[in-house]
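# Summary of structural features
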Amino acid sequence: MKNILTVSHLDLKIPDRLLFSDLNFSFPKNQLTCITGENGVGKTTLIKHILQDLEHKHEQHVQSTIDRSKIQYVPQLRNIDDDYPLCIRDFVSFGLKKRLLPWNSKKMKTKVEHILAETKLTHIASHPLGHASGGEKQRAYLAQALCADPELLILDEATASLDTDSKNFLLKLLKNIMHENNLTVLFITHDPELIEKYSDYELNLHNQTATLSKKEAVN
Ligand SMILES: Nc1ncnc2c1ncn2[C@@H]1O[C@H](COP(=O)(O)OP(=O)(O)OP(=O)(O)O)[C@@H](O)[C@H]1O
């Protein structure tokens with residue numbers, strides 16, 4: 001099994017305390033790894049630190065086989081109001097990179113339509129994002145991230161506010177997209193059902209350390 005990213009001998013401090021001490025682990029490539037741990041243990045802070053380390057290359061505690069531009073992070077909280085006017089298609093298109101013209105080329109439009117289909121959003125692509133359900137919004141965030149052709153996708157609590165059907169729908173769809181696009185996924189979650197059903201690996205954070213274990217995903 002190849003690894004996509006390795007963390008070695010990483011200590012992580014916040015102003016009032018040490019969050020992690022001497023972390024050593026790797027994320028396996030083309031697998032879904034759930035990052036778990038109690039509220040406030042430091043899951044989001046660790047991921048943000050890993051991304052900063054890769055961007056600035058100052059500490060060298062994080063080694064990646066891919067460029068930072070191939071990593072997409074979908075954050076935990078977004079404030080999309082009910083009256084947010086942009087339609088889902090335009091919101092998703094914001095994820096496109098290397099847009100030289102002020103409009104999207106035919107190739108780019110085809111790509112966006114393909115991603116809207118992959119994320120089951122085609123039928124509502126012209127609707128305002130503000131009117132979308134929680135599950136549809138999460139799929140739109142995922143679709144926007146996919147527009148950047150990531151090799152590593154990090155989803156922070158993407159299912160936290162969703163009902164059981166919407167959670168399972170999102171995770172099944174994500175696993176299909178992973179296999180079709182050789183994508184590696186890190187998924188921060190507290191949800192035992194999703195960990196049990198969909199994770200290939202679990203990185204559990206506890207007592208200032210991290211333990212990686214292999215899971216037998218049932219889907
Ligand atoms: N910039 C900061 N300054 C001070 N404290 C911070 C900062 N960032 C995070 N923290 C603290 O670090 C701890 C870890 O926060 P973090 O959001 O990473 O936890 P988490 O495991 O992702 O939690 P949750 O599951 O609730 O989202 C928390 O106690 C938080 O208050």
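The notes below deal with the structure included here. (Residues numbered from 1 in each chain as written. Predicted model: local features only at pLDDT ≥ 70, side-chain atom pairs only at ≥ 80, totals over all residues.)

### Let's talk about the site of the ligand
Filter applied, for reference: Only the C-beta atom, placed from the backbone, is used; a residue is near a molecule or strand if that atom lies within 6 Å of it. Runs of H or I in DSSP of at least four residues are treated as helices and runs of E of at least two as strands, each being numbered from the N terminus. Throughout, the ten residues Ala, Val, Leu, Ile, Met, Phe, Trp, Tyr, Cys and Pro are labelled nonpolar, Asp, Glu, Lys and Arg are labelled charged, and all others, Gly among them, are labelled polar.
Around the ligand, a shell composed of Ile14, Pro15, Gly37, Asn39, Gly40, Val41, Gly42, Lys43, Thr44 and Thr45 is seen. The dominant element in the shell around the ligand, judged by the number of residues it contributes, is helix α1 (residues 43–56), at three residues. Across the shell around the ligand, the residue classes break down as three nonpolar, six polar and one charged.

### With respect to the sheet that holds strand β1 (residues 3–14)
Note the cut-off: A strand pair is defined by DSSP finding two or more bridges across the two strands. Axis definition: a line fitted to C-alpha atoms, over the contacting stretch in the case of helices. Angles run 0 to 180 degrees between N-to-C directions. Working definition of a contact: two residues with C-beta atoms, positioned from the backbone, lying within 7 Å.
Spatially, β2-β1-β4 is the arrangement adopted by the three strands of the open sheet, whose pairing is antiparallel. Since the sheet does not close on itself, it has two edges, and those belong to β2 (17–28) and β4 (62–64), each with one partner. Each neighbouring strand pair of the sheet contributes to a mean axis angle of 10°, computed without reference to strand direction. Direction of pairing for β1 relative to β2: antiparallel, over a ladder of eight bridges. Looking across to β2, one finds that Asn3 is bridged to Pro28. With respect to the sheet, α1 is in contact with β1, β2 and β4, its orientation differing from that of β1 by roughly 110°.

### Describing the sheet that holds strand β6 (residues 152–156)
Taken together, the six strands give an open sheet; going across it, the order is β5-β6-β7-β3-β8-β9, and neighbouring strands pair in mixed fashion. The open sheet has two edge strands, β5 (71–74) and β9 (209–214), and neither has a second partner. Going from strand to strand, the sheet's axes swing by 15° on average, the running direction of each strand aside. Of the pairings in the sheet, the one linking β6 to strand β7 (residues 184–188) comprises five bridges and is parallel in character.

### Some words on the nonpolar core
Rules: Connectivity within a nonpolar core runs through C-beta atoms within 7 Å, and the core itself is a set of buried Ala, Val, Leu, Ile, Met, Phe, Trp, Tyr and Cys residues. Three exposure classes are used, based on other C-beta atoms lying within 10 Å of a residue's own C-beta, which is placed from the backbone: buried for 20 or more, exposed for 12 or fewer, and partly exposed in between.
In terms of nonpolar packing, the biggest core is built from 47 residues, with Val92, Ala140, Ala143, Leu155, Val185 and Phe187 touching the most fellow members. Broken down by element, this core gets its largest block of residues, six residues, from helix α4 (residues 134–146). Excluding residues within four positions of it along the chain, Ala140 makes contact with Ile88, Phe91, Val92, Leu121, Leu129 and Ala132.

### Focus on the pairing of strand β8 (residues 201–206)
Along β8, the buried face is formed by Tyr201, Leu203 and Leu205; none of Glu202, Asn204 and His206, which line the opposite face, is buried. Two elements, strand β3 (residues 32–36) and β8, share four bridges in a ladder whose sense is parallel. If you follow Thr33 over to β8, its bridge partner there is Tyr201. Once β8 ends, the chain turns through two residues before running back antiparallel as β9, passing Asn207 with a positive phi of about 45°.

### Some thoughts on helix α3 (residues 106–118)
Here is the rule we go by: Multiplying 1.5 Å by the residue count of a helix minus one yields the expected span of that helix. In this context, the arc is that of the directions from the helix axis out to the C-beta atoms.
Taking 1.5 Å of rise per residue, the 13 residues of α3 would be expected to cover 18 Å, and the 18 Å separating its terminal C-alpha atoms lies within 8% of that figure. If you check which residues of α3 are buried, you get Val112, Ile115 and Leu116. Taken around the axis of α3, the buried residues stretch over an arc of 105°, which confines them to a single face. For α3, exposure combined with an orientation more than 90 degrees from the buried face picks out Lys106, Lys107, Thr110 and His114. For α3, the secondary structure elements touched by its buried residues are α2 (88–93) and α4. One or two positions beyond α3, positive phi appears at Lys120, with a value near 55°.

### A few points about the packing of α4 against helix α5 (residues 164–181)
Note the following rule: Every angle not falling under 35 degrees, over 145, or within 65 to 115 is termed oblique; those three ranges are roughly parallel, roughly antiparallel and roughly perpendicular. A crossing counts as left-handed when the near helix is turned anticlockwise from the far one by less than a right angle, and as right-handed when that turn is clockwise.
Direction vectors running N to C along α4 and α5 enclose 20°, while the axes themselves pass 10 Å from each other. Taken together, α4 and α5 sit at an angle that is classed as roughly parallel. Seen along the crossing, α4 lies across α5 with a hand that is right-handed. Mapping the contact onto sequence places Gly134, Gly135, Gln138 and Arg139 in α4 and Ser166, Phe169 and Leu170 in α5. Of the residues assigned to the contact of α4 with α5, the class counts are two nonpolar, four polar and one charged.

### Section: the environment of Leu32
For Leu32, the location among the structural elements is in strand β3. Remark: the alpha-carbon pair of Leu32 and Tyr201, spanning 169 residues in sequence, is separated by 6.4 Å. Residues contacting Leu32, with those up to four places away along its chain left out, are Lys175, Met178, Val185, Phe187, Tyr198, Ser199 and Asp200.

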